[in-house]
Amino acid sequence: MNRSSTDRGPAPLWRRAAACVAAALALASGTVLGTAKPAAAHDGVILTLHGDGRGSVWVTATWQDGHPVTEAVGITLLATTADGRREGPAGLRRNGDALTFAGTLATGDWTVVAEMGTPAIGRCQGVLHVAPGGAPQDIVCAPPPAAAAPPPAPAPRTSYTWVWYVLGVAALAGVAAWLFHRRSAATAKRRPSSRRTTPRRK
């Protein structure tokens, strides 16, 4: 009586092992994709330098895709003048969407440099004019160009030396088997006959 396909017993061991491997790969891929760094998904950062014209300075940061930078930020500001005055470098504090400079700049033309280290590398430089009746200024700085990817390493040359080793071993095994068979056949021919012979009388 033929047994149906539904009562052939448990699946073979190799099928169950393959299913376990597939499940593990799916779990690993989901874990890797689910824990990707947010900064990598946003590309570079765009810094904008702001001045109200009367000495207050702040910076805003947005990702290149337009989203604001909401992660913890490490950024410093340095301001210098042609006559040797200097403010900073000083860390900027977050105030809403702005990263503000705690001090104020005196009257004059200031070369201001803001440099971000985290969560991405960014830099913005511009000249802000400070005067009692100064006008607001906004200086937008594009993200630094991405470093060129290194050229791909040449693919390693595939060696087929092992094929010759395998063929050599197979040939030696064949020769050894042929010699063994030939020797066995020769030994069987040389065996003395079991019949007893009577000596001839002179």
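Residues numbered from 1 in each chain as written. Predicted model: local features only at pLDDT ≥ 70, side-chain atom pairs only at ≥ 80, totals over all residues. Heavy atoms only, no water.

Asker: Even after reading the chapter, I still don't get the state of the cysteines, so can you show me in this structure?
Answerer: Among covalent bonds in proteins, the disulfide is the one between the sulfur atoms of two cysteines. Applying the stated criterion across every chain, the model contains 1 disulfide. Note that Cys 124 is cross-linked by a disulfide to Cys 141, the S-S spacing being 2.0 Å. Across the S-S bond of Cys 124 and Cys 141 the torsion is about 65°, and the bridge reads as right-handed. Remark: Cys 141 occurs in strand β9 (residues 137–141) and Cys 124 occurs in strand β8 (residues 122–130); sequence separation between them is 17 residues. For Cys 141, a relative accessible area of 10% puts it in the buried group. (Disulfide = S-S within 2.5 Å. Helix = DSSP H or I, 4+ residues; strand = E, 2+ residues; numbered from the N terminus. Buried < 20%, exposed > 50% of the residue type's maximum accessible area, 1.4 Å probe, protein only.)

Asker: Help me understand the pattern of salt bridges, please; the structure alone is not making it clear to me.
Answerer: Pairing between side chains of opposite charge can happen when their charged atoms approach one another. Here the structure, examined in full by the defined rule, presents 2 salt bridges. The residue Asp 83 makes a salt bridge to Arg 85 at a minimum N-O spacing of 3.3 Å. The class of Arg 85 is partly exposed, set by a relative accessible area of 32%. With a closest N to O distance of 3.1 Å, Arg 123 and Glu 115 form a salt bridge. For Glu 115, a relative accessible area of 40% gives the class partly exposed. (Salt bridge = Lys/Arg side-chain N within 4 Å of Asp/Glu carboxyl O.)

Asker: When you look at the sheet that holds strand β2 (residues 57–63) in this model, what are you seeing that I'm missing?
Answerer: In any sheet, the strands associate via hydrogen bonds between backbone groups, in a parallel or an antiparallel arrangement. With antiparallel pairing, 5 strands are arranged side by side in an open sheet as β5-β6-β2-β1-β9. In this open sheet, the two strands that pair with only one neighbour each are β5 (93–95) and β9. Pairs of neighbouring strands in the sheet enclose a mean axial angle of 30°, with direction left out of account. Here β2 pairs with strand β6 (residues 98–100) via 3 bridges, running antiparallel. Note on β6: the bridge partner recorded for Val 59 is Leu 99. (Pairing = 2+ DSSP bridges. Axes fitted to C-alpha atoms, helices over the stretch in contact; angles between N-to-C directions.)

Asker: So what exactly am I meant to see when it comes to the pairing of β8 here?
Answerer: Note on strand geometry: in a regular strand, side chains alternate between the two faces of the sheet. Side chains Gly 122, Cys 124, Gly 126, Leu 128 and Val 130 of β8 all project onto a buried face; the interleaved residues Arg 123, Gln 125, Val 127 and His 129 project onto a face where none is buried. Bridge analysis of strand β7 (residues 108–118) against β8 gives 9 bridges, and the strand direction is antiparallel. Opposite Gly 108, over in β8, you have Val 130 as the bridge partner. As consecutive antiparallel partners, β7 and β8 are separated by 3 residues.

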